[in-house]
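Topology and contacts: notes
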Amino acid sequence: MSLIRDFIEAMAPSHAYAEEAEEEEEAVEDVKEGDAEEEEEEDEDDDDDEDEDEAVDPLDALKEECQKTAECAKSVKEFQACTERVTKAEEDPEYANKDYKEDCVEEFFHLQQCVNKCAAPKLFSHLK
Amino acid sequence: MFSRLGSAFRQNARAYSTSAKAELSSNTKKAISSVVGITGLTLGYIVYQDSQTGKAMTAAEHGLQAPEYEWSHKGMFDSFDHASIRRGFQVYREVCSACHSLDRISWRNLVGVSHTASEAKAMAAEFEYDDEPDDQGNPRKRPGKLTDPIPGPYANEQAARAANGGALPPDLSLIIKARHGGCDYVFSLLTGYPEEPPAGVQLAPGANYNPYFPGGSIAMARVLFDDLVEYEDGTPASTSQEAKDVVTFLNWCSEPEHDERKKMGVKALLIVGSLYLLAVWTKKFKWTPIKHRKIVFNPPKPPKRR
């Protein structure tokens, strides 16, 4: 039905609803906005207290969950092994003069690709 | 060069045919063959040396591939989530606008998309714009109107670079169209800052690590954090929620015609589809008698001879 209505609208001159329907609503909105701003100001002081019982970001939660899956366990292990290896190499006093310095970007990418593959399709169902 | 060589050979051949110039022609031949030989050897050596080293971009230089997210406006028949655009504008205004401009969007563009006219007017009036000079010719300022563009944080590029350690924060009006991966890339970039860079990564002072940014070293630090903004509709402001909303808003900035375009697409498909069916039917209608006719040739009987 909406499609047919669309066609009729396309043929006939249409109305844009940029203005508020009623003046009263605006007043209510303004009051609400005012309240929200006040609350914001108040909250700034209490932020430190509230931080503890805040909900976790769904993306972080999903990524953590995904790191524990069997598929990503291998990548996690490799990344950890690389980090250990590189950290050890960095302790070497000759490290600055070495020709080749390894970094863990590739291992990190593999891990992130695995985590993304697992987390990305699920994330938006957790968001508004 | 080749044509010259060719003509030299031709002259050579002609020289062979006449015995008088035989000695001269053999010298020319020697010179040409030695030039060709040296050129060939040199070229061969260069190609060989070049093949000994390979240059390919590393994974870090490419940047991490952003995963595909389920954007609410992704499908062929999907429109923007306008509540998300409204929240995204709030994120832009409270966070991004500290460094990034939005030159191609005016306050009036928000009207009917994410805000009402009076809301947009009120926001515009918070900023001062250049007015016409007064009777003495002194410059004047006036509060913003709906027709004014959204003002950027810096007066010009030099000011922007000076304030950001030499890096220019790009204008965000078309950023979704301007980056490979579009929404997915910008969302991943905003949410993808790891706690610390992978071991062994060397960063310049003032640079931050982000795997999605080609090269990994980005001047922008992580800006979105949980509960950084307080949404007026009560949506929990997690980092990923803020990123999703601001990316939806930026996608609208890049493609303000998006909703209308897809609506037109549906209509076009319907009309063109029915016209196609009509064309098929017409063709069949016209061709049926021609294709089903039977052509029979009855040769006249030869007249009998008497």
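To be clear, the structure that these remarks concern was listed above.
Nothing here was measured: the structure is a model prediction, and the numbers come from that model. (Residues numbered from 1 in each chain as written. Chains lettered and ligands numbered in written order. Predicted model: local features only at pLDDT ≥ 70, side-chain atom pairs only at ≥ 80, totals over all residues. Heavy atoms only, no water.)

What about the overall build of chain A?
Secondary structure assignment for chain A yields 5 helices and 0 strands. Taking contacts inside chain A between residues at least 6 apart in sequence as the whole, the part at least 24 apart equals 64%. (Helix = DSSP H or I, 4+ residues; strand = E, 2+ residues; numbered from the N terminus. Contact = heavy atoms within 4.5 Å.)

Things to note about the packing of helix α9 (residues 182–191) of chain B against helix α10 (residues 239–254) of chain B
Residues and elements named next belong to chain B. Where α9 contacts α10, the two axes come as close as 9 Å, and the packing angle between them is 145°. Our pair here, α9 against α10, has a crossing hand that is right-handed. Contacts between α9 and α10 involve C183, V186, F187, L190 and T191 on the former and, on the latter, T239, S240, A243, K244, V246, V247 and N251. By residue class, the composition of the contact of α9 with α10 is 7 nonpolar, 4 polar and 1 charged. (Axes fitted to C-alpha atoms, helices over the stretch in contact; angles between N-to-C directions. Left-handed = near helix turned anticlockwise from the far one by under 90°. Nonpolar A, V, L, I, M, F, W, Y, C, P; charged D, E, K, R; others polar.)

A few points about unusual backbone geometry
Residues and elements named next belong to chain B. Backbone geometry at D227 places phi at a positive 60°, although glycine is not the residue there. Locating D227 in the fold gives a position in the loop between β4 (217–218) and α10. Take D227: its relative accessible area is 39%, and that puts it in the partly exposed class. (Buried < 20%, exposed > 50% of the residue type's maximum accessible area, 1.4 Å probe, protein only.)

Concerning the packing of aromatic side chains
On inspection of all chains with the given rule, the structure shows 14 aromatic pairs over all chains. A ring pair is formed by F79 of chain A and F108 of chain A, whose centres lie 5.6 Å apart and whose planes are at 50°; its orientation type is tilted. Note that F79 of chain A is positioned in helix α4 (residues 70–91) and F108 of chain A in helix α5 (residues 105–123), a separation of 29 residues in sequence. Judged by relative accessible area, F79 of chain A falls into the buried class, the value being 18%. Taking the centre distance of 4.8 Å and the plane angle of 85° together, the rings of F124 of chain A and W71 of chain B count as edge-to-face. Highlighted residues: F124 of chain A in the segment after α5 and W71 of chain B in the loop between α3 (59–62) and α4 (82–94), drawn from two different chains. Through successive ring pairs, a cluster of aromatic residues spans F89, Y92, W107, F127, F249 and W252 of chain B. The aromatic ring of Y95 of chain A is capped on one face by K101 of chain A, whose charged end is 5.5 Å from the ring centroid. (Phe/Tyr/Trp six-rings, centres within 6.5 Å; stacked < 30°, edge-to-face > 60°. Lys NZ or Arg CZ within 6 Å of the ring centre and 35° of its normal.)

So, the interface of chain B and chain A
Of the residues lining the interface, 45 residues belong to chain B; the matching set on chain A comes to 39 residues. Ranking the residues of chain B by area buried against chain A places L64, A199 and E230 of chain B at the top, with a combined share of 16%. Counting every contact that joins chain B to chain A gives 1 salt bridge. The partner of D233 of chain B in a salt bridge is K128 of chain A, and the shortest N-O contact between them spans 3.9 Å. Our count for the chain B to chain A interface comes out at 7 residue pairs in polar contact (both at pLDDT 80 or more). Among the secondary structure elements, those contributing two or more residues to the side of chain B that touches chain A are α3, α4, α6 (117–125), α9, α10 and α11 (258–292) of chain B. Residues belonging to the side of chain B that touches chain A are distributed by class as follows: 19 nonpolar, 12 polar and 14 charged. (Buried area = accessible area lost by both parts, 1.4 Å probe. Salt bridge = Lys/Arg side-chain N within 4 Å of Asp/Glu carboxyl O. Polar contact = N/O pair within 3.5 Å; in protein donor to acceptor, adjacent residues only side chain to side chain.)

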